[in-house]
Amino acid sequence: MENLKLFLQRRKKALIISIIYVGIGTLSVCSISGSDLFYGEWSLYTLILTFPVTNISFGYRYAESDYLIPVLIIQFIMFLITFLILSAFIKRKPIEDFEM
């Protein structure tokens, strides 16, 4: 558990960026149908902005618009992939910067 905590502390920027980016994409995918709670024209623009992480979810939602659980599972997997890719590109802080 301590290793996971240290892993997330060292990659805090990547975690925050991934949560925001994939979260906005998830909200827009869950708002594209006319019967959705946050339905609006804004969802198209955010889908275009977050296309790399929402293309699979959008395809599923376009084919089957009633169920949101698979969309949330797909977006969680995309969050993990995005986090791992960003953590590889963002420079990590040395371990000595953290108080133990």
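Going by the structure above, here's the rest.
Here, residues in each chain are numbered from 1, in the same order as that chain's written sequence. For a predicted model such as this one, the threshold for reporting local features is a pLDDT of at least 70, and the threshold for listing and counting side-chain atom pairs is 80 or more; totals across whole chains, interfaces and linings nevertheless cover every residue. Excluding hydrogens and water, the side-chain values take into account all heavy atoms of the structure.

Trainee: Which residues make up the overall build of the protein, and what values do they have?
Mentor: Helical segments are the DSSP runs of H or I of at least four residues, strand segments are the runs of E of at least two, and each set is numbered from the N terminus. Across its full length, the protein holds five helices and zero strands. Of the regular secondary structure in the protein, the N- to C-terminal order runs α-α-α-α-α. Put simply, the radius of gyration uses C-alpha atoms, and a globule should come to 2.2 Å times the residue count raised to 0.38. Scaling as 2.2 N^0.38, a compact globule of 100 residues should have a C-alpha radius of gyration of about 13 Å, whereas the protein reaches 16 Å, well beyond that. Note on exposure labels: buried denotes an accessible area under 20% of the residue type's maximum, exposed denotes more than 50%, and partly exposed covers the range between, all computed with a 1.4 Å probe on protein chains only. Looking at the protein as a whole, 29% of its 100 residues qualify as buried. Values of accessible area rely on a 1.4 Å probe in the Shrake-Rupley scheme; residue burial ignores everything except the protein chains shown. About 7,200 Å² of surface is accessible on the protein, with carbon and sulfur atoms providing 69% of the total. Taken together, the 9 basic and 8 acidic charged side chains of the protein have centroids lying 12 Å from each other. The charged-residue count follows a simple rule in which Lys and Arg add positive charge and Asp and Glu add negative charge, with His and chain termini not counted at all. Each charge is placed at NZ for Lys, CZ for Arg, CG for Asp and CD for Glu.

Trainee: Could you give me a rundown of the packing of aromatic side chains, with the residues and numbers involved?
Mentor: Here is the rule: rings of Phe, Tyr and Trp (six-membered ring for Trp) pair when centre to centre is within 6.5 Å. Planes less than 30 degrees apart are stacked, more than 60 are edge-to-face, and the remainder are tilted. Scanning all chains against the criterion turns up four aromatic pairs. Each ring, one from Phe76 and one from Phe79, has its centre 6.3 Å from the other, and the planes form 35°; the classification is tilted. Residue Phe76 and its partner Phe79 are both found in helix H5 (residues 69–89); the two are separated by three residues, about one turn of the helix. Accessibility expressed as a relative area gives 15% for Phe79, which makes it buried. Arranged with centres 6.4 Å apart and planes meeting at 15°, the rings of Phe79 and Phe83 form a pair that is stacked. Of this pair, Phe79 and Phe83 both sit in helix H5, four residues apart, which is roughly one turn of that helix.

Trainee: Pulling in residues and values, what's your account of the side chain of Ser18?
Mentor: Its place among the elements puts Ser18 in helix H2 (residues 12–29). The exposure class of Ser18 is buried, given its relative accessible area of 0%. Whenever a nitrogen or oxygen atom comes within 3.5 Å of another N or O atom, the pair is scored as a polar contact, on the condition that within protein one atom can donate a hydrogen and the other can accept it, and that pairs from neighbouring residues in sequence are kept only if both atoms are in side chains. A distance of 3.4 Å separates the side chain of Ser18 from the backbone nitrogen of Phe83, its partner in a polar contact. Beyond its immediate stretch of four places on either side in the chain, Ser18 contacts Gly23, Phe79, Thr82, Phe83 and Leu86. Contact criterion: two residues are considered in contact whenever any of their non-hydrogen atoms come within 4.5 Å of each other.

Trainee: Please set out helix H4 (residues 51–63) residue by residue, giving values where relevant.
Mentor: In this model H4 runs 17 Å from its N-terminal to its C-terminal C-alpha over 13 residues, within 8% of the 18 Å that 1.5 Å per residue would give. Along its length, H4 reaches its greatest deviation from straightness, about 30°, at Ser57. Among the residues of H4, Val53, Thr54, Ser57 and Arg61 are the ones counted as buried. As for H4, its buried residues are in contact with H2, helix H3 (42–49) and H5. Take the residue count of a helix, subtract one, and multiply by 1.5 Å to get its expected span. Take the seven residues that end at a residue and the seven that start at it, fit an axis to each, and the angle between those axes is the bend at that residue.

Trainee: I'd like to hear about the packing of H4 against H5, residue by residue, with values.
Mentor: Packing of H4 against H5 leaves a shortest axis separation of 9 Å and a crossing angle of 165°. With respect to their mutual orientation, H4 and H5 come out roughly antiparallel. Between H4 and H5 lies a crossing whose hand is right-handed. Where H4 approaches H5, its residues Pro52, Val53, Thr54, Ile56, Ser57, Tyr60 and Arg61 are matched on the opposing element by Pro70, Val71, Ile74, Gln75, Met78 and Thr82. Amino acid classes used here: Ala, Val, Leu, Ile, Met, Phe, Trp, Tyr, Cys and Pro are nonpolar; Asp, Glu, Lys and Arg are charged; the rest, including Gly, are polar. Residues of the contact of H4 with H5, tallied by class, amount to eight nonpolar, four polar and one charged. Note on geometry: axes are lines fitted to C-alpha atoms, helical ones only across the stretch in contact, with angles between N-to-C directions running from 0 to 180 degrees. Between 65 and 115 degrees an angle is taken as roughly perpendicular, under 35 as roughly parallel, over 145 as roughly antiparallel, and anywhere else as oblique. Crossings are classed by handedness, with left-handed meaning an anticlockwise turn of the near helix from the far one by less than a right angle and right-handed meaning a clockwise turn.

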